[in-house]
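# Chains, contacts and geometry: an overview
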Amino acid sequence: MGIVRIHGNIYTSLYVMLGFHDLDMRSSWFSKLSVIFGPRPPLNWLLLCGVTVLALIAVLGSSSSNTFDSLTPTSVPNIYTNYRRLKEQAAVDYLELRSLSLGASRQRELGLCGKERENHVPCYNVSANVLAGFNDGEEFDRHCEVSRNIERCLVRPPKDYKIPLRWPAGRDVIWSANVKITKDQFLSSGSMTKRLMLLEENQIAFHSEDGLIFDGVKDYSLQIAKMLGLKSDSDFLQAGVQTVLDIGCGFGSFGAHLVSLNVMAICIAAYEATGSQVQLTLERGLPAMIGNFITRQLPYPALSFEMVHCAQCGIVWDKKDWMLLLEVDRVLKPGGYFVLTSSTSQPYGSSLSMKNSMVTTMEELTLKVCWTLKAQQYETYIWQKTVDSDCYTSRKQGALPVCNEGHDVRSYYKPLVSCISGTTSKRWAPIRNRSSTPHRLSSAEIEVHGNSALHVLCQRVQPEDFFEDLQVWRSALKNYWSLLTPLIFSDHPKRPGDEDPLPPFNMLRNVMDMSAHYGGLNAAFLEERKSVWVMNVVPVNAPDTLPLILDQGFAGVLHDWCEPFPTYPRTYDLLHANGLLSHLSSERCSMMDLFLEMDRILRPEGWVVLCDKVGAIEMARVFATQIRWEARVIDLQNGSDQRLLVCQKPFIMIWQENVICDQNPKIVEGAHESLLE
């Protein structure tokens, strides 16, 4: 409904706006108006009429727009169908994104945090923890309760931040301005670090042949494989090693090499204010998260990993009555390996041994926890965990107690224990007796999870439910990819410093599935051979499916979304959540805090895909607008109350104090052109 211009005969214009087109009706109304206002009405009456009509137009226009948004199209049998038509609709929708973000809601947008919070990680504040009374190492641990009530604002990128290079270049070369580490810190670092990293102008290059360990990562990996009796490190999967927990991972070079062998290596390291191992590893697009061996258990269930690796990780294992080593035993699967390499000043190939009192004492304890020394070469030791759960009860002299049944349920930052965990679990099975096909479980292996529930929140998994869920995500991923392909591949505007990519060159490197369920999205990514890895997050108040996810060889972790995630800012390319918003609506969480946390861990120009009920999605769209995301709701066209919310985080640069400039103002227009192709 357009705005009618009032000119000439004011009465004639009013007739048209009121819908009186008949001449006789006009004449009748003209007589009545003449009696009221006289032959020539006062100017203030004319102005009042005009303002009233304009207000009526605005109200009716807003009402009709809202009515249009609330209409539900005709249902279609399949959940995800007609996506080609949806893509065409999305092309039109994206034209509205800029006006949406720059419209009346601008007044409600949150401001940017100060420069001091560019690399802020909540829950890790040593000085605040000390003031709160934590000591004996606990001040370096995670304490979210201490750092609550922080000002709500958007964590901004550093001044010279640049979009990471695409893979595979982005795995080996990063922008130095994207991480909190200085040139002086590089130059003052040890010789091994200098060999690992070269500072070339504004880039850090990670050379695969010059690793953290001895003569190179490849040589070190081959050494471990041969110590296990394998011909090559490419045989790790055949030996049952699918997932590796890499403690104190340096800058991720060993993990990067394992990922190239299709072995999932998850780096964990303590929080560091500068030069963080986790931040550098994630900037390379590799799996990592903050994790401490101090006072609490890691957020993984018992029997999670086939190998735990510690190379010069700086942990004194005999501290706290060896409870740190018992934590390794807890997360290690039967038949799994603990690889320990000590620091040494001797070059690779030296005959000197690292035999010392700590290692000698450690060998004594490993016998008590039923580990055997598999091999020892130079400064590297490999122990293997027993596959016989009766071993712990059969050893009488100096034996450690076995934890009570059900002790391992929900190992979410619980205090460390001095007992043996996991021995009564139905998942107790040798790693070599796994399915021969990587990342694919048999029906018998899935049924183990259906029979092992010990808690009301544990998920009793049935094979038919598992495979049905996988089929749903196969279809969903194809449609997600169809929707996002014009935006995340090489037809996206080229970034400064990028080489010309060969299509299809994927801009996504890592994905966080915030409510992973069975890990079906991760499995679908692998089946479609997408070059991404997924951090599968299982909310603590959802059914506990994390053991099933880890047994598939995926990366996964427990997390309470009422708290910040243990990672650095700008570390994920895509966030995905299915049903999470509805699930959290009954919790104590603040939805605004959740969206602020999502914005913190999402890279500039990163994407968010949320699937939920229409009410939750509409609420989420409001929050997305407040934190400056470009957001659009998409109907799934199946007649249900489920909707998709697809968002993109803009690249906001700070050129000077209180001045905000979008580095890529044409991103929406470019996306629109791509969608129309």
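Cut-offs used in this document
Residues numbered from 1 in each chain as written. Predicted model: local features only at pLDDT ≥ 70, side-chain atom pairs only at ≥ 80, totals over all residues. Heavy atoms only, no water. Pairing = 2+ DSSP bridges. Helix = DSSP H or I, 4+ residues; strand = E, 2+ residues; numbered from the N terminus. Axes fitted to C-alpha atoms, helices over the stretch in contact; angles between N-to-C directions. Contact = heavy atoms within 4.5 Å. Disulfide = S-S within 2.5 Å. Buried < 20%, exposed > 50% of the residue type's maximum accessible area, 1.4 Å probe, protein only. Core = buried A, V, L, I, M, F, W, Y, C linked by side-chain atoms within 4.5 Å. pLDDT = per-residue confidence, 0-100. Patch = residues over 30% accessible without salt bridge, like charges linked within 9 Å, V, L, I, M, F, W, Y side chains within 5 Å. Areas by Shrake-Rupley, 256 points an atom, 1.4 Å probe, with all protein chains shown as cover. Salt bridge = Lys/Arg side-chain N within 4 Å of Asp/Glu carboxyl O. Lys, Arg positive; Asp, Glu negative; His and termini not counted. Charge placed at Lys NZ, Arg CZ, Asp CG, Glu CD. Polar contact = N/O pair within 3.5 Å; in protein donor to acceptor, adjacent residues only side chain to side chain.

Attention now goes to the sheet that holds strand 12 (residues 533–539). Taken in spatial order, the seven strands make up an open sheet running 13-12-11-14-15-17-16, and their pairing is mixed. The open sheet terminates on both sides in strands that have one partner only, identified here as strand 13 (555–559) and strand 16 (630–635). Geometrically, the sheet is characterised by an average inter-axis angle of 20° between neighbouring strands, direction not taken into account. Relative to strand 13, strand 12 runs parallel, the two sharing five bridges. Counted as the bridge partner of P539 is H559 from strand 13. Along the sheet, helix 21 (residues 591–601) contacts strand 11 (510–513), strand 14 (572–578) and strand 15 (602–613); its crossing angle with strand 15, the most-contacted strand, is approximately 140°.

Now for the state of the cysteines. All chains considered together, the criterion is met by seven disulfides. The disulfide partner of C370 is C391, and the gap between their sulfur atoms is 2.0 Å. Because the sign of the S-S torsion sets the handedness, a value of about -95° for the bond joining C370 and C391 places this disulfide among the left-handed ones. Remark: C391 occurs in helix 15 (residues 391–394) and C370 occurs in the loop between helix 14 (357–368) and strand 9 (371–377); sequence separation between them is 21 residues. Neither C370 nor C391 differs from the other in exposure class; each is buried.

The subject of this paragraph is the nonpolar core. Grouped together as the largest cluster of nonpolar side chains are 92 residues, with contacts concentrated most on W317, F338, M512, M535 and L610. Membership of the second largest hydrophobic core comes to 23 residues, among which are V217, L230, F254 and A265.

Attention now moves to the confidence of the model for the protein chain. Taken as a whole, the protein chain shows an average pLDDT of 76; of its residues, 67% reach a score of 70 or greater. Taken as a whole, residues 655–677 scores under 50 in pLDDT and shows 45 contacts with residues more than four places along the chain or in a different chain.

This next bit is on the pairing of strand 10 (residues 380–385). On any regular strand, side chains alternate: one points to one face of the sheet, the next to the other face. Where burial is concerned, most of strand 10 is hidden: six out of the six residues are buried. The alternating pattern of strand 10 places T380, I382 and Q384 on one face and Y381, W383 and K385 on the opposite face, and all of these are buried. Here strand 8 (residues 332–341) pairs with strand 10 via five bridges, running antiparallel. Directly across from F338, in strand 10, lies its bridge partner W383. As defined by bridge partners, strand 9 adjoins strand 10 across six bridges and the pair is classed as antiparallel. Opposite Q376, over in strand 10, you have Y381 as the bridge partner. Linking two consecutive strands that pair antiparallel, namely strand 9 and strand 10, is a turn of two residues; a positive phi of about 55° is found at Y378 within it.

For the rest of this paragraph, the subject is the sheet that holds strand 4 (residues 243–247). The strands making up a sheet associate through hydrogen bonds between their backbones, and the pairing can be parallel or antiparallel. If you walk across this open sheet you meet the seven strands as 6-5-4-7-8-10-9, and the pairing is mixed. Each end of this open sheet is capped by a strand with a single partner; those strands are strand 6 (288–290) and strand 9. Averaged over all adjacent pairs, the angle separating strand axes in this sheet is 20°, with direction ignored. Strand direction decides the pairing type here: strand 5 (residues 264–269) and strand 6, joined by three bridges, are parallel. Considered in strand 6, the bridge of C267 is made with A288.

This paragraph deals with a negative patch on the surface. On the surface, E447, E464, D465 and E468 cluster together into a negatively charged patch. No other element matches helix 17 (residues 463–488), which puts three residues into the negative patch. Note that E468 resides in helix 17.

With that out of the way, let us pick up the pattern of salt bridges. Think of it this way: side chains of opposite charge can pair up when their charged atoms draw near. By the definition in use, this model includes 19 salt bridges. Across the pair R142 and E563 runs a salt bridge whose closest N-O atoms are separated by 3.2 Å. A residue pair is termed long-range when its members are at least 10 positions apart, and R142 in the loop between helix 6 (126–131) and helix 7 (169–172) and E563 in the loop between strand 13 and strand 14 qualify at 421 residues. Both residues of the pair, R142 and E563, belong to the buried class. Across the pair E527 and R474 runs a salt bridge, and its minimum N-O distance is 2.7 Å.

Looking at the element boundaries, R509 is found in the loop between helix 17 and strand 11. Separated by 3.3 Å, the side chain of R509 and the backbone oxygen of E283 make a polar contact.

Summarising burial for strand 14: six of the seven residues are buried, a large majority. With three bridges connecting them, strand 11 and strand 14 associate as parallel partners. When the sheet's bridge partners are listed, M512 is paired in strand 14 with L575. Summarising the sheet, strand 14 and strand 15 pair through six bridges and their orientation is parallel. Each residue of the ladder has a partner; that of L574, found in strand 15, is W607.

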